[in-house]
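Here is how the chains run, residue by residue.
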Amino acid sequence: MSDRMIVIGGGLVGAAVAFGAAREGLGVCVLDQGDSAFRASRGNFGLVWVSSKGAEMPRYAAWSRDALKLWPDLQRELQELTGVDSGLRQVGGFWLGFSDKEMKARYELLSGISRAVDGIPFRMMEPSELRHYLPGLGPKVAGGSFCELDGDANPLMLLRALHSGLIEKGADIVSNVDVVQVRYDQSNGVFEAVAADGQRWQAERLVLAAGLGNARLAPQVGLQAPVKPSRGQVLITERLQPFLHYPMNKLRQTVEGSVQIGSSSEDVGFDDGTTPDVIEWQVKRAVAAFPALAKARLVRAWGALRPLAPDAYPIYEESESCPGAFVVTSHSGVTLAAAHCYVIGPWAAGLSQTPPDFADFSAERFRDPNKSFSHAH
Amino acid sequence: MNVETTDLAIIGAGPAGLAAACEARTLGLSVTVLDEQSAVGGQIYRNVVSAPRARSAILGPDYSAGAELVSAFASSGALHLDSAVVWNVATDGTIDYIREGRTRKLSGKYVLLASGAMERPFPIEGWTLPGVMGAGAAQILLKSAGALPREPVVLAGCGPLLYLLGWQYLRAGARIAALVDTTATSDYVRASRHLMGALRSWKELRKGLGLIAALRRSNIALYSGCSDLRAEGTCKVEALAFRQDGRSVRIPTSLLLVHQGVVPNTQLSWSVKAEHRWNKAQLCWEPVTDIWGRLGETALYVAGDSRSIVGAQASAVQGRLAALSIGNRLGVLPDITIRAAPYLESLKRYTAIRPFLDALYRPKDENRVPVSDKVVVCRCEEVTAGQIRRFVGLGCQGPNQTKAFGRCGMGPCQGRFCGLTVTETIARERQLEPADVGYYRIRPPIKPVLLGDFVE
């Protein structure tokens with residue numbers, strides 16, 4: 001048995017955790033689906049973001065904050081190892097409000113998080129001050145907030161860098177695999193993953209990072225991942241001259257010059273299509289923010305499915321009944337990439353202790369039948 | 001938003017769309033035809049009504065034949081929405097389109113997709129140099145503006161349209177430096193097996209032979225069985241280099257027109273996630289339909305070259321058959337068999353020549369899957385064949401992942417110009433059939449639209 005860890009899922013989450021283990025010298029095998037898989041990683045908006053996260057779970061706010069601090073190391077390491085630039089820009093980011101009511105709610109949200117967790121600063125801004133950073137802002141913008149920690153990256157290049165890095169570190173990436181079953185042999189402590197076509201893999205450790213697929217696989221090794229799809233539609237324009245020098249939570253200009261507009265949150269099951277009404281609504285808001293965008297061509301729209309837990313926070317947990325099996329589920333594969341790599345990777349590899357206060361991320365929180373969850377994220 | 005409704009909405013005003021509209025109107029259905037151009041006719045009959053007589057004479061009798069269909073359409077009572085860019089179609093028959101700077105909706109009880117064909121890419125070294133263009137695109141310039149090349153032009157590749165354009169250029173007095181034909185003796189041998197069937201379309205066959213004979217009688221330098229085509233030049237094309245009978249030939253030119261057939265424009269049918277199959281004879285995707293052209297259990301039909309390359313006459317017949325089936329479903333034509341019978345018969349006649357043409361003008365492997373790693377495949381994002389092959393080495397399984405690996409297919413053309421090449425390149429590299437590799441996930445907007453078109 002050459003591999004010591006199987007990672008199911010080769011998206012941003014699985015690849016980051018696998019890379020975190022492989023760089024420590026562990027033999028890792030990543031099992032990835034085919035060309036038409038749902039792949040939330042491909043539809044990711046690309047923010048490296050902490051603002052407004054974790055209002056109801058301070059541990060998550062702190063986790064996102066710490067992930068942002070680790071990001072430059074990951075960017076540098078992958079660049080040196082693979083030559084692929086993940087496109088990290090930590091220049092601060094903005095949120096825009098279109099009414100006083102939205103501004104007030106934003107202030108309350110951000111100040112609440114700031115009180116609960118250290119080191120997540122923010123500043124509310126009037127339109128006149130916003131225009132200093134964001135020239136071309138339209139008259140309908142009522143104001144905004146700014147956080148110096150926020151930024152963005154290129155999700156596709158990050159994914160490619162992680163895959164190249166895995167290959168550099170000697171990991172196996174097996175594509176076109178649809179894992180339908182995972183099991184644990186208590187007598188020898190070996191996990192086995194079985195694919196739909198009958199192929200099998202064995203290892204001493206198992207990481208479930210299969211996005212929406214985790215819901216089905218987790219219970220097979222004593223874990224829970226009650227994730228459901230939340231659709232995000234993202235629009236992208238042709239390449240334009242650089243004019244947005246800061247990312248916003250629903251609008252950013254990529255290094256290539258195209259402007260991304262997004263991302264919606266819709267509860268529509270496993271439909272990853274796009275809809276004219278959402279496209280229209282998103283375009284209207286983007287043009288209200290920056291009227292000059294009216295002259296830009298929309299060249300693409302896509303829908304992607306976020307794997308979302310009932311409270312929209314991540315699940316990180318080791319199985320009690322099948323020690324060595326981990327579930328890792330998060331829809332913030334870009335923001336949390338460095339934490340998944342440098343913290344979750346070694347933990348799942350058995351090389352480090354459980355990080356502090358990780359009980360907060362256990363799926364135990366969904367077992368309380370009297371608890372209801374809001375869907376804000 | 002105000003949603004207009006109609007019994008039958010037709011996308012595309014070429015032979016299939018126009019004939020479907022005429023047929024549906026005879027059944028009393030309300031019909032709306034959306035088309036991107038300012039005048040009906042599609043690519044084949046582009047500008048047929050307003051083209052000056054001299055130009056029509058140059059373009060030949062097949063072109064002028066379109067005038068009859070166009071005038072029948074004009075008096076049919078169908079509504080024609082010109083300059084309408086369809087950017088989204090749903091399986092329930094809802095269409096989103098841009099016209100006069102604003103997005104609009106049209107709801108058809110049934111929708112006929114008749115978006116025609118597009119030129120197959122010709123990914124050889126140097127094909128992205130300025131001065132290299134498709135013969136089909138050059139013919140569009142001739143039809144719409146009477147534009148002719150001023151310098152001697154080189155035509156290269158294979159297929160009826162290449163010879164037709166050569167013939168039209170001859171009649172117009174344009175100078176042709178050379179016609180470089182990739183068709184080899186082995187192609188004639190392979191095609192000869194289908195000759196008997198093709199004789200059922202003897203009129204077509206005779207026309208084609210006539211074109212080629214006319215080209216041979218002229219003083220044009222004709223090269224046949226050519227391989228290793230390469231466009232040379234630094235800032236723009238300077239010459240076409242190739243091999244023939246073991247020797248190297250180089251023909252200087254400032255305009256190189258390439259062509260190796262047309263393929264169905266399947267962007268709309270892909271965008272609704274319809275099932276498609278790989279046509280091994282035509283080397284392209286085609287949507288899976290019933291004999292009337294219906295896509296599964298949807299409100300959508302496909303007719304003409306966007307369903308499978310059949311040519312103008314068969315396209316028109318397919319349009320009529322789709323209209324009959326739709327009339328049947330809407331209850332205005334209880335018995336479809338009697339009315340459909342003659343159409344089904346002429347469809348057989350018009351398509352009998354196809355296996356022969358497909359075999360004879362099968363584009364060469366080396367001109368579909370680039371041999372050189374340097375060849376640019378995705379023109380929008382400048383991704384080369386070598387890069388795509390490297391992505392496969394990194395675990396890229398199919399076209400959708402090439403986007404993630406290197407932005408291939410993510411430009412404004414939505415993969416129209418690179419999709420087939422990407423699929424075939426990956427298939428070759430992974431030693432699979434194109435059908436096992438698949439195609440891009442095509443999503444709206446099908447054509448780029450201005451963000452401002454969504455704002456009042």
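Residues numbered from 1 in each chain as written. Chains lettered and ligands numbered in written order. Predicted model: local features only at pLDDT ≥ 70, side-chain atom pairs only at ≥ 80, totals over all residues. Heavy atoms only, no water.

## Here we look at helix α4 (residues 66-74) of chain B
Rules: Relative accessibility decides the category of a residue: with a 1.4 Å probe and only protein chains considered, values under 20% of the type maximum give buried, values over 50% give exposed, and everything between is partly exposed. A run of DSSP states H or I qualifies as a helix once it reaches four residues; a run of E qualifies as a strand once it reaches two. Both are numbered from the N-terminal end. Comment: arc refers to directions from the helix axis out to C-beta atoms.
Within the sequence span of α4 of chain B, burial applies to Gly 66, Leu 69, Val 70 and Phe 73 of chain B. Across the axial projection of α4 of chain B, the buried residues extend over an arc of 100°, all falling on one side.

## As for the sheet that holds strand β10 (residues 190-195) of chain A
All names here are of chain A. Just so we agree on the cut-off: Pairing between strands is defined by DSSP: at least two bridges between them are needed. To get an axis, a line is fitted to the C-alpha atoms, and for a helix only the part in contact is used. The angle between two axes follows their N-to-C directions and goes from 0 to 180 degrees.
Spatially, the three strands line up as an open sheet ordered β9-β10-β11, and their pairing is antiparallel. Strands at the two margins of the open sheet, each flanked by one partner only, are β9 (179-185) and β11 (200-203). Across the sheet, the mean angle separating the axes of adjacent strands is 20° when strand polarity is ignored. As judged from the six bridges shared by β9 and β10, these two strands associate in the antiparallel manner. Bridging from a neighbouring strand, Arg 183 pairs with Glu 192 of β10.

## Here's the deal with the confidence of the model for chain B
As a reminder of what qualifies: Known as pLDDT, the predictor's confidence for each residue is given on a scale from 0 to 100.
When pLDDT is averaged along chain B, the result is 93; 100% of the residues meet or exceed 70. Both scores are available for the predicted complex, with the pTM at 0.90 and the ipTM at 0.86.

## A word on empty space enclosed by the protein
Going by this rule: Any residue with an atom within 4 Å of a point lines the site, the site being either a cavity, points on a 1 Å grid over the protein atoms alone where a 1.4 Å probe fits but cannot get out, or a pocket, an open set with protein on both sides within 12 Å along at least 5 of 7 lines. Grid points are joined across faces, edges and corners, and a volume is the space filled by probe spheres set on the points. Each residue is assigned to one class: nonpolar for Ala, Val, Leu, Ile, Met, Phe, Trp, Tyr, Cys and Pro, charged for Asp, Glu, Lys and Arg, and polar for all the others, Gly among them. Each domain's limits were defined by an automated method or a database of domain assignments.
The tally for this structure, following the rule as stated, stands at four cavities of 30 Å³ or more. Volume-wise, the largest cavity comes out at about 140 Å³. Taken together, 15 residues make up the lining of the largest cavity; nearest its centre are Arg 39, Leu 159 and His 163 of chain A together with Gln 401 and Phe 405 of chain B. The element best represented in the lining of the largest cavity is helix α5 (residues 155-168) of chain A, accounting for four residues. Residues belonging to the lining of the largest cavity are distributed by class as follows: six nonpolar, five polar and four charged. As a volume, the second largest cavity reaches approximately 70 Å³. Lining the second largest cavity are Met 118, Val 263, Pro 264, Thr 266, Cys 284, Trp 285, Arg 416, Gly 419, Leu 420 and Tyr 439 of chain B. Of all the secondary structure elements, the ones that give two or more residues to the lining of the second largest cavity are β16 (262-264), β18 (284-287) and α17 (419-430) of chain B. Taken together, the residues that form the lining of the second largest cavity break down as seven nonpolar, two polar and one charged. Of the domains in this structure, domain 1 (3-118 + 263-334) and domain 3 (369-437) of chain B are the two that each give at least three residues to the lining of the second largest cavity.

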